[in-house]
Amino acid sequence: MDVTGWLLRRAVPRAFVVTAVGGTGARLAVEAELRERGWYEAASPAEADMLVACGHPCAELSPVLDRVWDQMPGPRVRAAAAAPERAAGVLDRARAELLDTAAQRRDAEERDGAARGRAREEGGEDMPGGLPMADRGEDRDGLTLDRLHVSLGPALPAWPAGLSLSTVVQGDVVQEARVRLVGAREGGSSSFWEGKPARAASLDAAQNLLAVAGWPAAALEGRRLRDALLRGEDGPRTRERLRRWTLRVRRSRLLRWATAGLGEADGRAPAGLRGDVADRWSRWLDPDGGFPPYRADASRAALDLLPGLVIGQELAAVRLIVASLAPDTGAVGAYAPGGSA
Amino acid sequence: MNGTTAPLWAAPLVPALLLALGYGAAAGTAALRARAAGAAPSAALAAPARESARLLVQRRRTVPGADVLLWRLGGALVPVAAVLGALVVPLGPTAVSDLSVGVVWFNAMEVLVWAALWMLGWGSNSVWGLVGGYRFLVQGLSYELPHMFALTCAALGAGSLRVGDVVAAQEQVWFAALMPAAFAVYLVSAMAMAFWGPFGAPVGRDLAGGAVAELSGVDRLVLGVGRYMFLALVAAMAVPLFLGGDAGPLLPGWVWTLAKTAGVLGLLVWLGHRLPAVRMDRFAEAAWVVLVPVTLLQALAVAVYVLVR
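Residues numbered from 1 in each chain as written. Chains lettered and ligands numbered in written order. Predicted model: local features only at pLDDT ≥ 70, side-chain atom pairs only at ≥ 80, totals over all residues.

1. Points about the overall build of chain A
1) Next: The number of helices and strands found in chain A is 12 helices and eight strands.
2) Next: For chain A, whose C-alpha radius of gyration is 21 Å, the value lies close to the compact-globule estimate of 20 Å for 341 residues.
3) Next: By principal-axis analysis of the C-alpha atoms, chain A measures approximately 60 × 55 × 40 Å.
4) Next: Split into buried and exposed, the 341 residues of chain A put 49% on the buried side. (Helix = DSSP H or I, 4+ residues; strand = E, 2+ residues; numbered from the N terminus. Rg over C-alpha atoms; globule rule 2.2 N^0.38 Å. Buried ≥ 20, exposed ≤ 12 C-beta atoms within 10 Å, placed from the backbone.)

See below:
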């Protein structure tokens, strides 16, 4: 009896979703499919069995996808959802490939063979795992600590498409930060959200922030409401659900406590970005429409603000600040952020 | 009246019961998630089993430069700590071992999880893991003192560290009613020590999974199962400490123990669904400035009550 195949058929897939700049439409379609099928989204490549690339990965993003692919343990499958309408078919095919035990076994054997080959070549390494050791420097309290060079994104869940934040981290505190866009498009700078309900854009930013804030249930419901608005459902049931969800999130003292006083942008910033993280997400949930966080000028300003706001913060705060600035990288075009520190 | 000690053959029953309760918690979580996603909650009953099937087939990972011993041991330690801690929890009037220092034993087993998560995070040689480990240490430093004072209140009320004596002392009035602040703090710290719900930051999605970011396959399964068993343990321990143990009308004692445990577990699962994560630097402040004084005052009130009773 083929136990592996039997177990695999019962398994619910877990997808690691990476979005290219301009792939927002494909991402939304993939997210909606995953949610409706009851499939899961992986937080890291290690737990994933499906790699889904949304949109058209550029030459710079492809090697990133290759590295994510290498980190996936297997059985594994790689899928590309270039356009929103293909999402369902792509996921169906990926699932079928995942169940092909013969092909999965071949893949595993090839990888094992390649790993053995590499181990023979490398022999006699003096660093653990052949990796360089971290250098050291003084931290904010004057202690000498390891300095780790960590790149946040572009392959990170609940993270703006194509954004790469190169940081130097001591402990979990960011000491230096530099923003870069992977795959910024020449000329073509059209936001997915133009012509779509502004409320849906706000909900997308809000669900992303809720996922980062460690409230997966509220994030999931936010996605569901976002998808309903995008499909044009605006009946009394949707409105009532939206009202109750908004009320629950706005009233959450814990969420306000976790986000207040973080990433304060002063009066020079565009109106939609002013205030702290809590001010920004509150505005999205405003019943009077909220501020749509997807315009080109606001997104550019957000990218310029970013490094200054995250330096000196620990990683949880950095994630919240980025999610609250919610730059729409599809809208900024070929833009090289000048703000580095 | 002291609790009685079970025969040795009853010992395998402990992991079995913890597993069953933990499975229930996982299925309940999946059902709440399905409802939020707009999918049918009926599939949730099988969801933990299906995820286990997936992880059984998934291959284990190797990470360059990982401290493999610490890394693998860290995950395995969590279910072991849960089972060892449950040895002193009575089912009905009977525990596998009614130690004279049962409350301290429970506390010691629970602290094993500190070591487990730190070893997991450190051993994986990954920034995410390391930061996840840091987060749990901060969390531990924040919840542990209030938690210990809450346990102290229960022990003080009974004048004994034996779990059986704590149950016996609640014949008139449950400790949940007598010392509500201690009970509330216990529930908060229970979620924190199982890194559950609002205290899930050490394994948070914002860190790509934090301490468990690099785990796959059977290693992830062992940790996941262990975490739910641990959640079941902290829920089960609330029953003898604060909810009168097996006391209840009509039904036999063991039914009452299980019913109360399921109730507390359900509450923890629901809270985990309804609350966002607490940021650890803020919680550390609140724990030391608010929770420690509150539990100390509670202990003072209990001490006065015991003297004048």
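Next comes the rest of the write-up.
2. Brief notes about the overall build of chain B
1) Next: Each helix and strand counted, chain B has 11 helices and two strands in total.
2) Next: The globule rule puts the C-alpha radius of gyration for 309 residues at 19 Å, and the 19 Å found for chain B is close to it.
3) Next: Along the first, second and third principal axes, the C-alpha set of chain B runs to 60 × 40 × 40 Å.
4) Next: When each of the 309 residues of chain B is scored for burial, the buried share is 58%.

3. Some thoughts on the sheet that holds strand β3 (residues 50-54) of chain A
Pairing between sheet strands relies on hydrogen bonds along the backbone, with the strands arranged either parallel or antiparallel.
Residues and elements named next belong to chain A.
1) Next: The strand order across the open sheet built from four strands is β2-β1-β3-β4, with neighbouring strands paired in parallel fashion. Whereas interior strands pair on both sides, the edge strands pair on one side only; in this sheet they are β2 (40-41) and β4 (77-81).
2) Next: In terms of strand pairing, strand β1 (residues 14-19) meets β3 through five bridges, oriented parallel. Counterpart to Thr 19 in the pairing with β3 is Cys 54.
3) Next: This element, helix α2 (residues 24-37), spans β1, β2, β3 and β4 of the sheet and lies at about 165° to β1. (Pairing = 2+ DSSP bridges. Contact = placed C-beta atoms within 7 Å. Axes fitted to C-alpha atoms, helices over the stretch in contact; angles between N-to-C directions.)

4. Details of the pairing of strand β8 (residues 173-181) of chain A
1) Next: In this structure, strand β7 (residues 163-170) of chain A lies alongside β8(A), joined through eight bridges in antiparallel fashion. Opposite A:Thr167, over in β8(A), you have A:Ala177 as the bridge partner.

5. Thoughts on the nonpolar core
1) Next: Formed by 209 residues in total, the largest nonpolar core has its most connected members in B:Leu231, B:Ala232 and B:Ala238.
2) Next: Looking at this core, you find at least three residues from each of domain 1 (3-104) and domain 2 (137-341) of chain A.
3) Next: The residues contacting B:Ala232, other than those within four sequence positions of it, are B:Leu18, B:Leu21, B:Gly22, B:Ala25 and B:Leu265. (Core = buried A, V, L, I, M, F, W, Y, C linked by C-beta atoms within 7 Å. Domains from an automatic or database assignment.)

6. Things to note about the packing of helix α8 (residues 180-193) of chain B against helix α11 (residues 280-308) of chain B
Residues and elements named next belong to chain B.
1) Next: Taken N-terminus to C-terminus, the directions of α8 and α11 make an angle of 140°; their axes are 8 Å apart at the nearest point. The angle between the axes of α8 and α11 places the two elements in the oblique class. Taken as a pair, α8 and α11 cross one another with a handedness that is left-handed. When α8 is examined against α11, the residues Ala 181, Ala 182 and Val 185 are found in contact with a partner set consisting of Leu 291, Val 294, Thr 295 and Gln 298. (Parallel < 35°, antiparallel > 145°, perpendicular 65-115°, else oblique. Left-handed = near helix turned anticlockwise from the far one by under 90°.)

7. Notes on the interface of chain A and chain B
1) Next: Counting residues at the interface gives 48 residues for chain A, matched by 47 residues for chain B.
2) Next: Those elements that place two or more of their residues in the side of chain A that touches chain B are α1 (3-10), α2, β6 (144-152), α6 (198-212), α7 (216-230), α9 (253-259) and α12 (315-325) of chain A.
3) Next: Looking at the side of chain A that touches chain B residue by residue, the classes come out as 29 nonpolar, nine polar and 10 charged. (Nonpolar A, V, L, I, M, F, W, Y, C, P; charged D, E, K, R; others polar.)

8. Quick notes on the packing of α7(A) against helix α8 (residues 236-251) of chain A
When two helices pack together, their arrangement is given by the angle between the helix axes and by the axis-to-axis distance.
All names here are of chain A.
1) Next: For the pair α7 and α8, interaxial distance at closest approach is 11 Å and the crossing angle is 145°. For the crossing formed where α7 meets α8, the hand is left-handed. Residues Ala 218, Glu 221, Gly 222, Leu 225 and Ala 228 of α7 form the contact with α8, whose own contacting residues are Thr 238, Arg 241, Leu 242, Trp 245, Arg 248 and Val 249.
2) Next: For the contact of α7 with α8, the class distribution of residues is six nonpolar, two polar and three charged.

9. Focus: the sheet that holds strand β5 (residues 135-138) of chain A
All names here are of chain A.
1) Next: With antiparallel pairing, the four strands of this open sheet are ordered in space as β5-β6-β7-β8. Single-partner strands in this sheet number two, and they are β5 and β8. Neighbour to neighbour, the strand axes of the sheet diverge by 30° on average, direction disregarded.
2) Next: Note: β6 against β7, five bridges, orientation antiparallel. When the sheet's bridge partners are listed, Leu 152 is paired in β7 with Leu 165.

10. Topic: the domain arrangement of chain A
Residue and element names in this part refer to chain A.
1) Next: Looking at the assigned domains, one finds that chain A contains domain 1 (3-104) and domain 2 (137-341).
2) Next: One C-alpha centre belongs to domain 1, the other to domain 2, and the line joining them spans 24 Å.
3) Next: Breaking the side of domain 1 that touches domain 2 down by element, the ones donating at least two residues are β1, α2 and α3 (61-71).
4) Next: Residues of the side of domain 1 that touches domain 2, tallied by class, amount to 10 nonpolar, five polar and four charged.

11. Quick word on the environment of B:Gly74
Residue and element names in this part refer to chain B.
1) Next: By secondary structure assignment, the location of Gly 74 is in helix α3 (residues 68-86).
2) Next: Overall, the presence of 28 C-beta atoms within 10 Å leaves Gly 74 in the buried class.
3) Next: Sequence separation between Gly 74 and Ser 52 is 22 residues, and the spatial gap between their C-alpha atoms is 19 Å.
4) Next: Ignoring any residue separated from it by four or fewer positions in sequence, one finds Gly 74 in contact with Ala 116, Leu 117, Met 119, Leu 120 and Gly 123.

12. Description of unusual backbone geometry
1) Next: For the bond running from A:Gly74 to A:Pro75, omega is 0°, close enough to zero to count as cis.
2) Next: Tracing the backbone through its elements, the reader meets A:Pro75 in the loop between α3 and β4.
3) Next: At A:Ala326, a residue that is not glycine, the phi angle is positive and equals roughly 45°.
4) Next: Looking at the element boundaries, A:Ala326 is found in the segment after α12.
5) Next: C-beta crowding within 10 Å serves as the criterion here: with 25 such atoms nearby, A:Ala326 is assigned to the buried category.
6) Next: One non-glycine residue, B:Ala208, adopts positive backbone phi at about 60°.
7) Next: Looking at where B:Ala208 falls in the secondary structure, it is placed in the loop between α8 and α9 (217-242).

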